[in-house]
Amino acid sequence: MICANIAHLRGRIAETARKSGRNPDDIQLLAVSKNMTVEKIEEARQCGQKMFGENFIQEAQAKIEHCDPSIVWHFIGHLQSNKAKQAARLFQLIETVDRLKLAQALNRHAAHYGKILDILIQVNVGQEKQKSGIPPQGAEQLIRETRKLEHLRIRGLMTIPPYADNPELSRPYFRILKKLADEFSKKGYFTNKAPLILSMGMSADYTVAVEEGATLVRVGTAIFGNRI
Ligand SMILES: *Cc1c(COP(=O)(O)O)cnc(C)c1O
C-alpha cells in the first residue's frame, strides 16, 4: 500500500510539473512520518523514499536511531529553543526557523556538533495568530540576521497556509511565498551553492503547490494513511 501510494504521488507530481512547464526532478517528496512506526518508515524507504519529516523531537529521537542511517530527516514541527540541541543533532534540515533566538540556539549547537545545519525560514503567510512562522513583513529582517550565523545555511522558505477544505484556497498563499522567495533570491540571501527550497503543499494541496513553484512537498496521509 505504502509503495503504491508513493508511486502514485510521484506520478502525479511529475505530471503536474510537466503540465506547468517544470522539470519533475526539481520537486522533492518529503514523507511525513509523524505517528508512524519505524516499520512503516522502513517500508517506505524500501520503496525508494529517502527523505522523511518529523514534528516532535521526543518521538523523532526514539525513532531515528532505529531507522536506516541513509535517511535524510527534516524537522517540520514547532521547535522550542530548549529542544534546539537535540534538533541540531538529529536532523539534517530544520524547516521551521521563525525567530532569531531559535536560529541562534541552533547555530550554537550546530557549532558544538561541528556541522553546518540547513534551515528554512517558516513564513506565516496567512498571518494566523495561533500559527508559528514569521509574518511576511518580518521575514527579510530575520533572514538578514540569521545569515550572519556561520553554522546555519538558509536553503529557502516554508509555509503552512490556513486550513481549507478546498485546495484552490491555498493557491494565493503559495503564490505569496514564491514571490517572497524570488525577491530574497535576487538579493542573494540564500546560499547559491545548492538549489533553493520552497517547501509548500501537503496531502490535500500538493498539486496546487507544484503548480505554484514548490520544490518540496510534505506529504503524510496520502502515503501512510490516516494518523489515528
Ligand atoms: C503533518 C504535516 C504535514 C503532512 O500533512 P498531511 O495532510 O498528512 O499530508 C505536512 N506539513 C506539516 C508541517 C505537518 O505538520
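Cut-off values and rules
Numbering of residues starts from 1 in every chain and runs along the sequence as written. The predicted nature of this model means local features are confined to residues of pLDDT at least 70 and side-chain atom pairs, given and counted, to a pLDDT of 80 or more, with totals for whole chains, interfaces and linings taken over all residues. Excluding hydrogens and water, the side-chain figures rest on all heavy atoms present in the structure. Proximity criterion: a residue is near a molecule or strand once any of its heavy atoms comes within 4 Å of it. For the purposes of these results, a polar contact is taken to be a pair of N or O atoms within 3.5 Å, where, inside protein, one atom must be able to donate a hydrogen and its partner to accept one; residues adjacent in sequence count only when each atom of the pair is a side-chain atom. Accessible areas in this description were obtained via Shrake-Rupley with a 1.4 Å probe; residue shielding takes into account the shown protein chains only. Charged residues are taken to be Asp, Glu, Lys and Arg, nonpolar residues to be Ala, Val, Leu, Ile, Met, Phe, Trp, Tyr, Cys and Pro, and polar residues to be all remaining types, Gly included. By disulfide we mean two sulfur atoms from cysteines, separated by a distance within 2.5 Å. Numbering of helices and strands runs from the N terminus, with a helix taken as a DSSP run of H or I at least four residues long and a strand as a DSSP run of E at least two residues long. Residue burial is assigned from relative accessible area. The probe radius is 1.4 Å, only protein chains are included, and a residue is buried under 20% of its type maximum, exposed over 50%, and partly exposed in between. The pairing criterion is simple: DSSP has to find at least two bridges between the two strands. Note on handedness: a crossover is taken as right-handed if, strands pointing away from the viewer, the path from the first strand over the helix to the second is clockwise. Note on contacts: a residue pair qualifies if any of its non-hydrogen atoms lie within 4.5 Å across the two residues. Only the stretch in contact is used when a helix axis is fitted, and all axes are lines through C-alpha atoms; the angle between N-to-C directions ranges over 0 to 180 degrees. An angle below 35 degrees is read as roughly parallel, one above 145 as roughly antiparallel, one from 65 to 115 as roughly perpendicular, and any other as oblique. Each crossing gets its hand from how the near helix is turned against the far one by less than a right angle, where anticlockwise is left-handed and clockwise is right-handed.

**Looking at the site of the ligand**
- Around the ligand sit 13 residues in total, of which Lys-34, Asn-55, Ser-203, Thr-221 and Arg-227 are the nearest.
- At a separation of 2.5 Å, an oxygen atom of the ligand approaches a polar side-chain atom of Thr-221.
- For the ligand, whose unbound accessible area comes to 390 Å², protein coverage reaches 88%.
- Tallied by class, residues from the shell around the ligand come to 6 nonpolar, 4 polar and 3 charged.

**Some remarks on the state of the cysteines**
- Taken as a whole and judged by the stated rule, the model has 1 disulfide.
- Note on cysteine connectivity: Cys-3 is disulfide-linked to Cys-47, with sulfurs 1.8 Å apart. Sign of the S-S torsion, about -75 degrees for the bond between Cys-3 and Cys-47, identifies this disulfide as left-handed. Placement of the pair is Cys-3 in helix α1 (residues 2-19) and Cys-47 in the loop between α2 (38-46) and β2 (51-54), with a sequence separation of 44 residues.

**Remarks on the pairing of strand β1 (residues 28-32)**
- Within β1, 4 of the 5 residues are buried, which leaves the element mostly enclosed by the surrounding structure.
- By the bridge criterion, 4 bridges tie β1 to strand β8 (residues 216-219) in an arrangement that is parallel. Of the residues in β8, the one forming a bridge with Leu-30 is Arg-218.
- With 2 bridges joining them, β1 and β2 adopt parallel strand pairing.

**Thoughts on the pairing of strand β4 (residues 93-97)**
- β4 sits mainly inside the fold: 5 of its 5 residues count as buried.
- Both strand β3 (residues 72-75) and β4 contribute to a ladder of 2 bridges, which runs parallel. What sits directly across from Phe-75, in β4, is Ile-94.
- Assessed by its sense of winding, the connection that carries the chain from β3 through helix α4 (residues 84-90) to β4 is right-handed.

**So, the environment of Lys-193**
- If you trace the backbone, Lys-193 turns up in the loop between α7 (171-186) and β7 (197-199).
- The exposed category is assigned to Lys-193, whose relative accessible area is 77%.
- In this structure, the C-alpha to C-alpha distance between Lys-193 and Arg-155, residues 38 residues apart in sequence, is 9.4 Å.

**Describing the environment of Gln-80**
- For Gln-80, the position within the fold is in the loop between β3 and α4.
- Among the residues examined, Gln-80 registers a relative accessible area of 41% and is labelled partly exposed.
- Residues Gln-80 and Leu-102, spaced 22 residues apart in sequence, show a C-alpha to C-alpha distance of 7.4 Å.
- Among residues more than four places away in sequence, those in contact with Gln-80 are Arg-99 and Leu-102.

**Quick notes on the packing of α1 against α2**
- Two numbers describe how α1 lies on α2: the axes approach to 9 Å, and their chain directions differ by 50 degrees. When the axes of α1 and α2 are compared, the pair comes out oblique. In terms of crossing hand, the pair formed by α1 and α2 is right-handed. On α2, the residues that touch Ile-2, Cys-3 and Ile-6 of α1 are Lys-40, Glu-43 and Ala-44.
- When the residues that make up the contact of α1 with α2 are grouped by side-chain class, the tally is 4 nonpolar, no polar and 2 charged.

**Brief notes about unusual backbone geometry**
- The phi angle at Asn-35 is positive, at roughly 70 degrees, despite the residue not being glycine.
- On the secondary structure map, Asn-35 appears in the loop between β1 and α2.
- Judged by its relative accessible area of 44%, Asn-35 is partly exposed.
- Even without being a glycine, Gln-127 presents a positive backbone phi close to 50 degrees.
- Here Gln-127 is to be found in the loop between β5 (117-122) and α6 (136-146).
- Look at Gln-127 and you get partly exposed, because its relative accessible area is 44%.

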